[in-house]
Amino acid sequence: MFHQFAVEQTSSTAIARELNLAGVANHHGRPWTENIIRNILANENYVGNLVYNRTSSRLGQRLTKNSCDLWVRGDPHLDAIVDQGIFVRAQDLLAQRYISMPEEKMLTLLRVTLSRKGKLTGSIINNTPGMPSAASYFNHFGSLRKAYSLIGYKGSRDCDWFDCRDAWANVVARHKLEAVEALRGERGLRVTEVETGIGLTVNRKLHLSFAVVRYATKGTGCIPCWRVYLKLIPAGLVAVARLDGENKTIQDYVLLPVPQDAPAYLWLSDRSLVRQKATRFATFDELICKFVRGLPPSSHPKPTRPARPSKRARTIGPKPRNVHARRR
């Protein structure tokens, strides 16, 4: 790895890609990334050095990285497995490729690239010489959209969905709660929540999941379509809330069966409802009523409270005189 980077001038991204294609996992058993390769190349343990005080944190505060002049190097206690000259050359290349840049300069480079390319994307940023990577902009500004907004640029991609995902997640949670009340209240069914949190298990057999999908046509002149993400949804049924053309409000609901071998995505349209054995409903209440009526009766009857024993009837008649009463 050090020879590839320092001598053959192979980038850390290319090294990670080569290891992943070869099926070699990292020390955590996961795929390699550029950051992992860079951390290994900068680790002085491979030349026998032990370095302390790289980070510090006060009680109740966040962990911070210390500058290199505060690092403490102990006597070599490890056997070097990398040549010192190759390691020094790798550090020089890392210093040239990964430099600290103020955020204002990063934004200036974004403006220059926008004026040259006419648009900005993650691929354009990564392939422009002299610019930080898209990951660097994400780490500094929180997202590429925030970096774009600081230079007055709005991409062609519709990103409003990211701003309202939490609101639609609350809608899914409300639908799930309404379904639980209907299933337990009317039929006394056993209802448990699945691990993913987006569905229910009825009588330990049938899975009912919930989803909100956006209106997304495949092109101009095409019929309206909605793409349903099924990767995290178990086999069973899914109650799909389809949004309108502006993706602002719910247009209708569809109860869709999900087979065991379902694809990761499914395009849903009005024409495909019959082929996909789906049923359309105007409201969520209609969907739940249809779902409840189609379920078999529960083999576990709803527990009833035992009848409270009635008080023993009091005997009507003269009160018996206490023979032990004190005579006057």
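See the structure shown above.
For clarity, every value in this text was computed on a predicted model and none was experimentally measured.

**Student:** Teacher, can you tell me more about helix 7 (residues 134-141) here?
**Tutor:** Each turn of an α-helix holds 3.6 residues, which means side chains three or four residues apart point in the same direction. Considered for burial, the residues of helix 7 that qualify are Ala-134, Tyr-137 and Phe-141. Projected down its long axis, helix 7 carries its buried residues within an arc of 60 degrees, all on one side. Check the buried side of helix 7 and you find it contacts helix 5 (103-117), helix 6 (122-127) and helix 8 (144-150).

**Student:** Teacher, can you tell me more about the pairing of strand 7 (residues 206-213) here?
**Tutor:** A regular strand places its side chains so that they alternate between the two faces of the sheet. Most of strand 7 sits inside the fold, with six of its eight residues counted as buried. Taken together, the four bridges between strand 6 (residues 199-202) and strand 7 define a ladder with antiparallel strand orientation. Along strand 7, the bridge assignment pairs Leu-200 with Leu-208. Hairpin geometry of strand 6 and strand 7 is characterised by an intervening segment of three residues between the two adjacent antiparallel strands and by a positive phi of about 55 degrees at Asn-203. Across six bridges, strand 7 lies against strand 9 (residues 236-243) in parallel orientation. Bridge pairing in strand 9 places Val-212 opposite Ala-241.

**Student:** What should I look at first to understand a negative patch on the surface in this one?
**Tutor:** On the surface, a cluster of negative charge is contributed by Glu-178, Glu-181, Asp-285 and Glu-286. Where the negative patch is concerned, the elements lending two or more residues are helix 10 (165-186) and helix 11 (284-293). With respect to the helices, strands and loops of the structure, Asp-285 is situated in helix 11. We classify Asp-285 as exposed; its relative accessible area is 53%.

**Student:** Any chance you could explain the packing of helix 5 against helix 7 here in plain terms?
**Tutor:** Relative placement of two packed helices is described by the angle separating their axes and the distance separating the axes. Their axes nearest at 11 Å, the elements helix 5 and helix 7 cross at an angle of 130 degrees. By the angle between their directions, the pair helix 5 and helix 7 is classed as oblique. Between helix 5 and helix 7 lies a crossing of left-handed hand. Here helix 5 contributes Glu-103, Met-106, Leu-107, Leu-109 and Leu-110 to the contact with helix 7, which in turn contributes Ser-136, Tyr-137, His-140 and Phe-141. Residues that form the contact of helix 5 with helix 7 fall into these classes: six nonpolar, two polar and one charged.

**Student:** Help me understand the nonpolar core in this model?
**Tutor:** In terms of nonpolar packing, the biggest core is built from 27 residues, with Leu-183, Phe-210, Phe-284, Leu-287, Ile-288 and Phe-291 touching the most fellow members. Secondary structure elements with two or more residues in this core: helix 10, strand 6, strand 7, strand 9, strand 10 (250-258) and helix 11. In terms of residues, this core owes the most to one element, helix 10, which gives seven residues. Here Leu-287 is in contact with Ala-239, Tyr-253, Val-254, Leu-255 and Phe-281, once residues within four sequence places are set aside. Of all hydrophobic cores here, the second largest spans 16 residues; its members include Ala-6, Trp-32, Val-47 and Phe-87.

**Student:** Is there a simple way to think about a nonpolar patch on the surface in this case?
**Tutor:** On the surface, Tyr-229, Leu-232 and Tyr-265 cluster together to form a nonpolar patch covering roughly 310 Å² of accessible area. The residue Tyr-229 is located in strand 8 (residues 226-229) in this model. Exposure remark for Tyr-229: the relative accessible area of 36% places this residue in the partly exposed category.

**Student:** Mind showing me how you'd approach the packing of aromatic side chains here?
**Tutor:** Each aromatic ring pair is described using two quantities: the centre-to-centre distance and the angle formed by the ring planes. This model, assessed by the stated rule, comprises eight aromatic pairs. Relative to Phe-87, the ring of Phe-2 has its centre 6.0 Å away and its plane inclined at 40 degrees; by these criteria the two rings are tilted. Pair noted here: Phe-2 is in helix 1 (residues 2-6) and Phe-87 is in helix 4 (residues 84-97), with a separation of 85 residues, a long-range link. Taken as a pair, Phe-2 and Phe-87 share a single burial class, namely buried. Seen from their ring centres, Tyr-215 and Trp-226 are 5.6 Å apart, and the 80 degrees between their planes marks the pair as edge-to-face. One end of the pair, Tyr-215, is in the loop between strand 7 and strand 8; the other, Trp-226, is in strand 8, with 11 residues separating them in the sequence. Of the residues examined, Trp-226 reaches a relative accessible area of 2% and is grouped as buried. Taken together, the ring pairs connect Phe-2, Tyr-46 and Phe-87 into an aromatic cluster. The cationic tip of Arg-227 hangs over the ring face of Tyr-265; the distance from NZ or CZ to the ring centre is 4.1 Å. Between the NZ or CZ atom of Arg-242 and the centre of the ring of Trp-226, over which it lies, the distance is 4.1 Å.

So, how was this worked out
Sequence order sets the numbering: in each chain, residues are counted from 1 along the sequence as written. Restriction of local features to residues with pLDDT of at least 70 applies here, the model being predicted, together with a cutoff of 80 or more for giving and counting side-chain atom pairs; totals for whole chains, interfaces and linings are based on all residues. In computing side-chain properties, one takes all heavy atoms of the structure into account and sets aside hydrogens as well as water. The cut-offs for exposure are 20% and 50% of the maximum accessible area for each residue type, with area from a 1.4 Å probe on protein chains only; residues under the lower value are buried, those over the upper are exposed, and the others partly exposed. Secondary structure elements follow DSSP: runs of H or I of four or more residues count as helices, runs of E of two or more count as strands, with numbering from the N terminus. What the arc measures is the spread of directions leading from the helix axis to the C-beta atoms. Pairs of residues are marked as contacts when any of their non-hydrogen atoms sit within 4.5 Å. A pair of strands is labelled paired if DSSP reports no fewer than 2 bridges between them. The patches described consist of residues with a relative accessible area above 30% and no salt bridge, like charges being joined within 9 Å and nonpolar side chains (Val, Leu, Ile, Met, Phe, Trp, Tyr) within 5 Å. Computed with a 1.4 Å probe, the accessible areas rest on the Shrake-Rupley method; for each residue, only the protein chains presented here act as cover. Here, a salt bridge means any side-chain nitrogen of Lys or Arg that lies within 4 Å of a carboxyl oxygen of Asp or Glu. Two residue types count as positive, namely Lys and Arg, and two as negative, namely Asp and Glu; His and chain ends fall outside the count. Where a charge lies is defined by one atom per residue type: Lys uses NZ, Arg uses CZ, Asp uses CG and Glu uses CD. Angles shown run from 0 to 180 degrees and are taken between the N-to-C directions of axes, each axis being a line fitted to C-alpha atoms and, for helices, limited to the stretch in contact. Any angle between 65 and 115 degrees counts as roughly perpendicular, while under 35 counts as roughly parallel, over 145 as roughly antiparallel, and the rest as oblique. It is the rotation of the near helix from the far one that decides the hand of a crossing: anticlockwise by less than a right angle makes it left-handed, clockwise makes it right-handed. All residues other than Ala, Val, Leu, Ile, Met, Phe, Trp, Tyr, Cys, Pro, Asp, Glu, Lys and Arg, Gly among them, are scored as polar; the first ten of these are nonpolar and the last four charged. In plain words, nonpolar cores are sets of buried Ala, Val, Leu, Ile, Met, Phe, Trp, Tyr and Cys residues tied together by side-chain atoms within 4.5 Å. The criterion for an aromatic pair is that two Phe, Tyr or Trp rings (for Trp, the six-membered ring) have centres within 6.5 Å, with stacked assigned to planes under 30 degrees apart, edge-to-face to planes over 60 apart and tilted to the rest. Throughout this description, the term charge over a ring refers to an Arg CZ or Lys NZ atom that lies within 6 Å of the ring centre and within 35 degrees of the ring normal.

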